[in-house]
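The chain contents come next:
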Amino acid sequence: MDIRLSGVSHSYDNFEVLRDISLEIPSGRIVCIVGPSGCGKSTLLRFLGGLEKPSRGEVLQIGAPPSDCLNPLTYIFQDFALLPWRSVRGNISLVLEDHGIRGARADGIIADVLARTKLSDFAKALPKQLSGGMKQRVAIARALAVNPAVMLMDEPLSALDSQTRELLMDDLVNLWTRTPFTAVYVTHNLAEAVRLGHSIVVMSRRPGEIREVVHLDKPLDQRQHGDPDLEEKQKYLWQLMREEARAADAELVHV
Amino acid sequence: MSDLHSPSTAARQVTFRGGGFAPSSPRWIGVAVFVVLLSLAELGTRQGWISPLTLPRPSDVLLTFQELYASGLLWAHLSVSLTRLLVGAALGASLGVATGVLIGLFSYVRAGLVPLTAALFPIPKIALLPLFVIWFGIDEGSKYALIAFGTFTPTVVATYGAVDNVDRSLIRMGQSFNLSWFSIVRKIVLPGAMPGILSGLRISLAIAIILLVAAEMLGAEYGIGAYILEAGSLYDLERLFAGVTILSLLGITMSTIIGQIERRVLSWRQ
Ligand SMILES: Nc1ncnc2c1ncn2[C@@H]1O[C@H](COP(=O)(O)OP(=O)(O)OP(=O)(O)O)[C@@H](O)[C@H]1O
Ligand SMILES: [Mg+2]
């Protein structure tokens, strides 16, 4: 299943946020979106998953999602969004219950996703007992449980320290290498973008437009922290964003 | 700066200033306060520096209490009072929670009922007792209604406040996983609102006890309120205090029960 944005524009009242975004998200690829603060990245992601409607333009699903897919468009949120009153297990079964999956079948799925995110020992723990990195792994496990066709991630790692971030990026790469998933990955962090993205969409400052789409051909599992060619790409992205970021920053001061 | 490292600089502990603002409540302190106050009253009335007209002797109150128990009257009064309290409070609190949740979820209900609740809240409910007598009869009906109405308004206000405070990002999460509306309410909104609902219930139940006594004072043969009123009109301070003690015990019991429920239902918070 692919996703296509065509001519998406959006304003909150008279406040223009996005302008004429057209973008294709091909199946089995990770598309990263980078751009200065406030340029509408989170808004764009909410359109992609149907949590909000754009004022103009269309968001299209092309092709049907695989039949075993319970929730085609699945989010992973920056703030984890785990229910504090449910255990790790309960948080995952939450999203299965509504599909009538209970008992042994649910146990099977939960055990599988917990094993894939290396959380098997923590099934009974409450979210407050987990570290930030583990909470985000629970959120990833929850997303995997519904077999998403597309994962929508809004700065999933930015609440974490840089070491945990590295580890979780490795985890995501491993997950993707085993079974390639489609993902839209919004981030501030250019290192994350060059590590995880098959293509990187650079947005201008608000009103957000697509400035450039950068493609990276190196396979994900061959990318390493500190690769010279990745550093090169990162530098190039930073050049692209520098002016926008500076201007966006100045704008905020003047508001 | 250089003298930082010189041996002559005196070293001293960094002053600790992170204490307080985290009250815990060791149980025995509460008991100790009661014991000290009662012993003072007992001592004072025995030695004569508190006149028996101002305060009855605690041991006499205890004796009265025992007589009351032995005569079987204690249970006669307590059972009617407890029934009124339970029926009235259960009615008021459940209707209140339901209304509060509806206000928290639906714009039209909110627009219609929030002003109404604001108008009803400050009315001293006891002033409406004559009205309730006409509507629901002079017997139990009017007392149930009074207590129910008195618990209803504070429960509504606490509940919709609690629903408003449920983390929106959790609701978004539920929607993003395609949970049904009903699932979101039952699994996300209600548990998220539970802390606020329970603390509102504490206040509502205290109000219920106050209204119970008031209703019983205005017209009842049995019940703790009637017992206190009779004792008061005879200036029988021992019996008056025995009645008041029962009320306090009732209050403590209620608050303990809610505490237990909180500990069980909200264990995820500690
Ligand atoms: N519900 C809303 N109502 C009004 N304005 C909004 C709303 N949501 C977002 N905005 C505005 O739209 C703009 C884009 O917001 P958005 O959160 O999409 O930016 P972003 O690119 O994700 O920023 P960041 O990098 O800081 O997360 C911001 O200026 C924000 O103030
Ligand atoms: Mg954002």
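Note: the structure precedes this text.
These figures come from a predicted structure and were not determined experimentally.

## Things to note about unusual backbone geometry
Geometrically, the link from Arg206(A) to Pro207(A) is a cis peptide bond, its omega value of -5° lying close to zero. By the element assignment, Pro207(A) lies in the loop between β8 (199–203) and β9 (210–215). A positive phi angle, near 40°, is found at Glu155(A), a position not held by glycine. Position of Glu155(A) among the secondary structure elements: in the loop between β6 (150–154) and α5 (162–178). Even without being glycine, Phe21(B) reaches a positive phi, approximately 60°. Within the secondary structure layout, Phe21(B) lies in the segment before α1 (27–47).

## So, the site of ligand 1
Residue and element names in this part refer to chain A. Looking at ligand 1, there are 14 residues lining it, with Ser 37, Gly 38, Lys 41, Ser 42 and Thr 43 nearest. Between ligand 1 and Gly 38, the relevant distance is 2.9 Å, taken from an oxygen atom to a main-chain nitrogen or oxygen of the residue. Measuring from an oxygen atom of ligand 1, one finds a side-chain N or O atom of Ser 42 at 2.6 Å. In isolation ligand 1 has 640 Å² of accessible area, and contact with the protein removes 63% of it. For the shell around ligand 1, the secondary-structure elements that each account for two or more residues are β2 (15–25) and α1 (41–48). Partitioned by chemical class, the residues of the shell around ligand 1 number four nonpolar, six polar and four charged.

## Regarding the interface of chain A and chain B
Across the contact, 25 residues belong to chain A and 19 residues belong to chain B. With both chains or domains summed, chain A and chain B bury close to 1,900 Å², and 64% of this area falls on carbon and sulfur atoms. Applying the counting rule to chain A against chain B returns three salt bridges. Note that Lys187(B) is salt-bridged to Asp98(A), the shortest N-O span being 3.4 Å. Counting residues per element, the ones that place at least two in the side of chain A that touches chain B are β5 (73–76), α2 (88–97) and α4 (132–145) of chain A.

## Observations concerning the sheet that holds β2(A)
Residue and element names in this part refer to chain A. Spatial ordering of the open sheet is given by β2-β1-β4, a layout of three strands whose pairing is antiparallel. Only two strands of the sheet have a single partner each, and these edge strands are β2 and β4 (56–62). Neighbour-to-neighbour, the strand axes of this sheet turn through a mean angle of 15°, independent of strand direction. Sheet topology places strand β1 (residues 2–12) next to β2; seven bridges connect them, and they run antiparallel. For Tyr 12, the partnering residue across the bridge sits in β2 and is Phe 15. Across the face of the sheet, α1 comes into contact with β1, β2 and β4 while running at roughly 125° to β1.

Definitions and cut-offs
- Residues numbered from 1 in each chain as written.
- Chains lettered and ligands numbered in written order.
- Predicted model: local features only at pLDDT ≥ 70, side-chain atom pairs only at ≥ 80, totals over all residues.
- Heavy atoms only, no water.
- Helix = DSSP H or I, 4+ residues; strand = E, 2+ residues; numbered from the N terminus.
- Near = heavy atom within 4 Å.
- Polar contact = N/O pair within 3.5 Å; in protein donor to acceptor, adjacent residues only side chain to side chain.
- Areas by Shrake-Rupley, 256 points an atom, 1.4 Å probe, with all protein chains shown as cover.
- Nonpolar A, V, L, I, M, F, W, Y, C, P; charged D, E, K, R; others polar.
- Contact = heavy atoms within 4.5 Å.
- Buried area = accessible area lost by both parts, 1.4 Å probe.
- Salt bridge = Lys/Arg side-chain N within 4 Å of Asp/Glu carboxyl O.
- Pairing = 2+ DSSP bridges.
- Axes fitted to C-alpha atoms, helices over the stretch in contact; angles between N-to-C directions.

Geometry only, nothing functional implied.
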